[in-house]
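# Per-entry structural report
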Amino acid sequence: MAATMATQGERAVLEEEFKWLLQEEVHAVLRQLQDILKEASHRFALPTSGSSGGAVKQENFVLSTSGTDQVKGVMTLQGDALCQADVNLKMPRNNQLLHFAFREDKQWKLQQIQDARNHVNQAIYLLMNRDANYQFKTGLEVLKLSRARNRLTTPATLTLPEIASSGLTKMFTPVLPPDILVNFYINLNKLCLTVYQLHVMQPSTTKNFKPAGGSVLHNPGAMFEFGSQRYEVSHVHKVECVVPWLNDALVFFTVSLQLCQQLKDKISVFSSYWNYRPY
């Protein structure tokens, strides 16, 4: 009898603690989460139509690799858009210097940044519109946060024909030669530029033709077919530069996801207790 009463007493105490967790701590943590995400959102801030803040400032970044000057890029980033790009490529065989830049009427949208910003804003919207009866489980907020972080940490895998047919190839003046491909993407807190040099595969060598699949970064020797012509990648040059505000955003995402996980773990402890039935 005493053991049964003790068990009932323990359950009553735990039930009160669980109610407090759901009614008080959950909402306190979600308010904290909302504040953190607003800071993250400010890192992606873009002016809305009619806003008094004016245009987002332009930031210049030099993309290069220590110890080599094969490729050097000077990029101008404005929010989620590359509005200027200036690329110098030194050809390995003859040291010929190629120079190409964005046309003045062109911008290249970085979809990863755009998507990450949208996911963060959707998470903030969900948090701001919760009511007093809101119950946190895994939460749509966590899904949005995970997607926001993943868009920056996981660049899209593209095939070489996809890169060759991308609108990016039409951005430059002078026009890119047919044996050059370029690709821009975000990887974590870095803006990356990859330049592929190609050579045309002769009919006598195409018997070993094996088209490469999708990849973030293709290696020399990768083959593909485009416009009824077969190519092989001869050289790959990758240069990058840290974008400080992307680094800030990733830190905010990580802290937010940790908060969500800690809250989920606490709720799981109580939930597992209610599901426990001693024999």
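Predicted model, so just to flag it, every value in this text is computed and none were measured.

### A look at the overall build of the chain
- On a plain count of helices and strands, the chain comes out with five helices and 10 strands.
- Put simply, the chain has 279 residues, and 40% of those count as buried.
- Taking as baseline every contact in the chain between residues at least 6 positions apart, the subset at least 24 positions apart corresponds to 66%.
- For the chain, the accessible area works out to roughly 15,700 Å², and carbon and sulfur atoms hold 52% of it.

### Re the pairing of strand E2 (residues 68-78)
- Bridge count for strand E1 (residues 59-65) against E2 is six bridges, and the pairing is antiparallel. Bridge assignment links Val62 to a residue of E2, and that residue is Val74.
- Connecting the antiparallel pair E2 and strand E3 (residues 81-90) is a turn made up of two residues, with Gly79 showing a positive phi of about 65 degrees.

### A word on the pattern of salt bridges
- Under the defined criterion, the tally for this structure stands at nine salt bridges.
- Put simply, Arg43 and Glu39 hold a salt bridge, and the shortest N to O gap is 3.5 Å. In this pair, Arg43 and Glu39 both sit in helix H1 (residues 2-43), four residues apart, roughly one turn of the helix.
- With a relative accessible area of 26%, Arg43 lands in the partly exposed category.

### Focus: the nonpolar core
- Residues Phe44, Met75, Phe172, Val182, Phe184, Leu193 and Phe253 are the most contacted members of the largest nonpolar core, which totals 55 residues.
- A per-element tally of this core places helix H5 (residues 244-274) first, with nine residues.
- When neighbours within four sequence positions are excluded, Phe253 is seen to be in contact with Ala40, Phe44, Val120, Leu145, Ala148, Arg149 and Leu152.
- The next biggest cluster of nonpolar side chains, apart from the first, holds 10 residues, and it includes Leu160, Leu198, Ala222 and Phe224.

Rules behind the numbers
- Residues numbered from 1 in each chain as written.
- Predicted model: local features only at pLDDT ≥ 70, side-chain atom pairs only at ≥ 80, totals over all residues.
- Heavy atoms only, no water.
- Helix = DSSP H or I, 4+ residues; strand = E, 2+ residues; numbered from the N terminus.
- Buried < 20%, exposed > 50% of the residue type's maximum accessible area, 1.4 Å probe, protein only.
- Contact = heavy atoms within 4.5 Å.
- Areas by Shrake-Rupley, 256 points an atom, 1.4 Å probe, with all protein chains shown as cover.
- Pairing = 2+ DSSP bridges.
- Salt bridge = Lys/Arg side-chain N within 4 Å of Asp/Glu carboxyl O.
- Core = buried A, V, L, I, M, F, W, Y, C linked by side-chain atoms within 4.5 Å.

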